[in-house]
Amino acid sequence: MNVDKQSIAQMLNEAFPPVVRSALDPADLESLAERVLGELELRVGERLSAGLSETAMEEFELLNDDPDTPWPAFAEWFRTYRPNYQETVKQTLEELIQETACRVTAALTRQAS
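Values in this document were obtained by computation on a predicted structure and should not be read as measured data.

Colleague: Honestly, the overall build of the chain in this entry has me stumped. Any pointers?
Modeller: Along its length, the chain carries six helices and zero strands. Taken from N to C terminus, the helices and strands of the chain fall in the order α-α-α-α-α-α. Its C-alpha atoms give the chain a radius of gyration of 17 Å, clearly above 13 Å, the size a compact globule of 113 residues would have. Over its C-alpha atoms, taken along the principal directions, the chain stretches across nearly 55 × 25 × 20 Å. The 113 residues of the chain split such that 30% are buried. Contacts in the chain between residues far apart in sequence, at least 24 positions, make up 73% of those at least 6 positions apart. Entry remark: accessible area of the chain is about 7,600 Å², with carbon and sulfur atoms responsible for 52%.

Colleague: I would appreciate a short explanation of the side chain of T69 in the present structure.
Modeller: On the secondary structure map, T69 appears in the loop between α4 (54–65) and α5 (71–81). Accessibility expressed as a relative area gives 15% for T69, which makes it buried. One polar contact links the side chain of T69 to the main-chain carbonyl oxygen of L63, over a distance of 2.8 Å. In this structure the side chain of T69 is engaged in a polar contact, spanning 3.0 Å, whose partner is the backbone oxygen of D66. Apart from residues no more than four positions distant in its own chain, T69 is found in contact with L62, L63 and F74.

Colleague: Would you take a moment to explain helix α3 (residues 26–49) for this structure?
Modeller: Given 3.6 residues per turn, any residue in an α-helix points the same way as the ones three and four places further on. With 24 residues, α3 should reach 34 Å at 1.5 Å per residue; the first-to-last C-alpha distance of 34 Å fits that figure. Every buried residue belonging to α3 is among L29, L32, A33, V36, L37, L40, R43, V44 and L48, and all of these are buried. Backbone nitrogen of A27 and a side-chain oxygen of the N-cap are separated by 3.0 Å at the start of α3; the cap is D25. After α3 finishes, the residue G51 shows a positive phi value of roughly 85°.

Colleague: Is there a simple way to think about the packing of helix α1 (residues 5–15) against α3 in this case?
Modeller: Helix packing for two helices is described by the angle between their axes and how far apart those axes are. It is at 8 Å that the axes of α1 and α3 come closest, and there the two elements cross at 110°. When the interaxial angle is binned, α1 and α3 end up roughly perpendicular. Classified by chirality, the crossing of α3 by α1 is right-handed. Touching K5, I8, A9, L12 and N13 of α1 are L29, E30, L32, A33, E34, V36 and L37, all from α3.

Colleague: I'm lost on the packing of aromatic side chains in this one. Help?
Modeller: Each aromatic ring pair is summarised here by two numbers: the centre-to-centre distance and the angle between the ring planes. Tallying each qualifying case throughout the model produces eight aromatic pairs. With a centroid separation of 4.9 Å and 55° between ring planes, the pair formed by F60 and W77 is classed as tilted. Taken as a pair, F60 in helix α4 and W77 in helix α5 lie far apart in primary sequence, 17 residues in all. Centroid distance W71 to F78: 6.2 Å. Interplanar angle 40°. Geometry classified as tilted. With a relative accessible area of 9%, F78 lands in the buried category.

Rules used throughout
- Residues numbered from 1 in each chain as written.
- Predicted model: local features only at pLDDT ≥ 70, side-chain atom pairs only at ≥ 80, totals over all residues.
- Heavy atoms only, no water.
- Helix = DSSP H or I, 4+ residues; strand = E, 2+ residues; numbered from the N terminus.
- Rg over C-alpha atoms; globule rule 2.2 N^0.38 Å.
- Buried < 20%, exposed > 50% of the residue type's maximum accessible area, 1.4 Å probe, protein only.
- Contact = heavy atoms within 4.5 Å.
- Areas by Shrake-Rupley, 256 points an atom, 1.4 Å probe, with all protein chains shown as cover.
- Polar contact = N/O pair within 3.5 Å; in protein donor to acceptor, adjacent residues only side chain to side chain.
- Expected span 1.5 Å × (residues − 1).
- Axes fitted to C-alpha atoms, helices over the stretch in contact; angles between N-to-C directions.
- Parallel < 35°, antiparallel > 145°, perpendicular 65-115°, else oblique.
- Left-handed = near helix turned anticlockwise from the far one by under 90°.
- Phe/Tyr/Trp six-rings, centres within 6.5 Å; stacked < 30°, edge-to-face > 60°.

So, in structure tokens, the structure goes:
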């Protein structure tokens, strides 16, 4: 699953009702996508690290601290310690999209009243 600001912005836009879509400009949508991406990284990190051994965490930190670590090294780590990684990202992203859509819709509805 490839997750970036553009794909998140598209998912958010699709989750909003038409009245909200028309009220948001592209800069608003981009800002929301940035916030969702940051929160996604935080929540996925928390979920994936829960219950890991100290050794597993140290291995991940070594990979993460080296800017030259190739993606296959991360993929191997995930296969070993968190084979459900992609499902965790997908579920967390879906939750965040729904939460954000509900909050923004509610805020704009209150403003219109």
